[in-house]
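# Working through the structure, step by step
Each chain, written out:
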Amino acid sequence: MEGYTTRQMQRVNYLQSEMNAAYHEAAVKLGMSDSTVQILYAICNSGDSCLLSDICKLLGTSKQTINSALRKLEREGIVYLEFSGGRKKRVRITAQGRKLAEGTVVRLIEAENSILDDWSREEVEQYLKLGRKYLEAIREKIREL
């Protein structure tokens, strides 16, 4: 099975792995689990609340994994869940959770924003365009498998 991955694809895979490792390192430095960072990140980007289904979609993680992390965050007083019409659940951040997020996840978001602020508008657009193009193409190829 050796030699199937092209050199360019190895570089893409390496960059994706390193990006994941960088965010894991951020979670460790912030003293949080990856799931906790991801959940708080999703909520912070949505205001003070986010639909549970949207969190699962944004993170590409199963509802079981997210629910497990949410139960822990609820016990700690960081978030609470409420019904939001039908079977939908909304995850809301508490005042304690907001304070935690401001000292952790918001700092990570600010770091990301500062990176993009240092890029030209063209570089940001090119990065987004190529990322979107790759995502659409890989989804199509996966449908064809």
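Refer to the structure above for everything that follows.
Residues numbered from 1 in each chain as written. Predicted model: local features only at pLDDT ≥ 70, side-chain atom pairs only at ≥ 80, totals over all residues. Heavy atoms only, no water.

## Description of the overall build of the protein chain
The test is simple: Strands are runs of DSSP state E lasting at least two residues, helices are runs of H or I lasting at least four, and both sets are numbered from the N terminus onward. A simple rule labels every residue: compare its accessible area, found with a 1.4 Å probe on the protein chains alone, to the largest value its type can have, and call it buried under 20%, exposed over 50%, or partly exposed in between. Contacts are assigned to residue pairs that have any heavy atoms within 4.5 Å of one another. The method behind every accessible area is Shrake-Rupley, applied with a 1.4 Å probe, and residues are considered shielded solely by the protein chains displayed. Under the convention used here, Asp and Glu are negative, Lys and Arg are positive, and both His and the chain ends fall outside the count. To locate a charge, take atom NZ for lysine, CZ for arginine, CG for aspartate or CD for glutamate.
Helix and strand content of the protein chain: 7 helices and 3 strands. Along the chain direction, N to C, the helices and strands of the protein chain fall in the order α-α-β-α-α-β-β-α-α-α. Counting over 145 residues, the protein chain shows a buried share of 23%. By sequence separation, contacts in the protein chain at least 24 residues apart represent 48% of the contacts at least 6 residues apart. Carbon and sulfur atoms form 52% of the exposed surface of the protein chain, whose accessible area is close to 10,800 Å². Of the charged side chains in the protein chain, 23 are positive and 20 negative; the average position of the first set lies 7 Å away from that of the second.

## Some words on the pattern of salt bridges
Formally: Criterion for a salt bridge: a side-chain nitrogen of Lys or Arg within 4 Å of a carboxyl oxygen of Asp or Glu.
Counted under the stated rule, the structure contains 5 salt bridges. With its nearest N and O atoms 3.8 Å apart, the salt bridge here joins K57 to D54. In this pair, K57 and D54 both sit in helix 3 (residues 52-59), 3 residues apart, roughly one turn of the helix.

## Observations regarding the nonpolar core
Most often, soluble globular proteins keep nonpolar side chains buried together rather than apart. Here is the rule: Among buried residues, the Ala, Val, Leu, Ile, Met, Phe, Trp, Tyr and Cys ones that are joined through side-chain atoms within 4.5 Å form a nonpolar core.
Core analysis: the biggest nonpolar cluster contains 25 residues, and I39, I43, I55, L70 and V79 have the highest contact counts within it. At the level of secondary structure, the elements contributing two or more residues to this core comprise helix 1 (7-29), helix 2 (34-46), helix 3, helix 4 (63-75), strand 3 (89-93) and helix 6 (105-118). Among the elements that take part in this core, helix 2 stands out by supplying 5 residues, more than any other. Those residues in contact with V79, other than ones at most four positions away along the chain, are L40, I43, L70, L73, E74, V91, R92, I93 and T94.

## Details of the environment of A137
Inspection of the secondary structure assignment puts A137 in helix 7 (residues 121-144). Relative accessible area serves as the criterion here: at 40%, A137 is assigned to the partly exposed category. Along the backbone, A137 and F83 are 54 residues apart, and their C-alpha atoms lie at a distance of 36 Å.

## Quick look at the pairing of strand 3
A regular strand carries its side chains on alternate faces of the sheet. Operational definition: Pairing between strands is defined by DSSP: at least two bridges between the two strands are required.
In this sheet, strand 3 lies alongside strand 1 (residues 49-51) in antiparallel orientation, the contact comprising 3 bridges. When the bridges of strand 3 are listed, L51 appears paired with R90. Inspection of the sheet shows strand 2 (residues 79-83) paired to strand 3 by 5 bridges, in the antiparallel sense. Among the inter-strand pairings, L81 is bridged to a residue of strand 3, identified as V91. In textbook terms, the turn of a hairpin is the stretch between consecutive antiparallel strands, and for strand 2 and strand 3 this stretch comprises 5 residues, one of which, G85, has a positive phi near 80 degrees.

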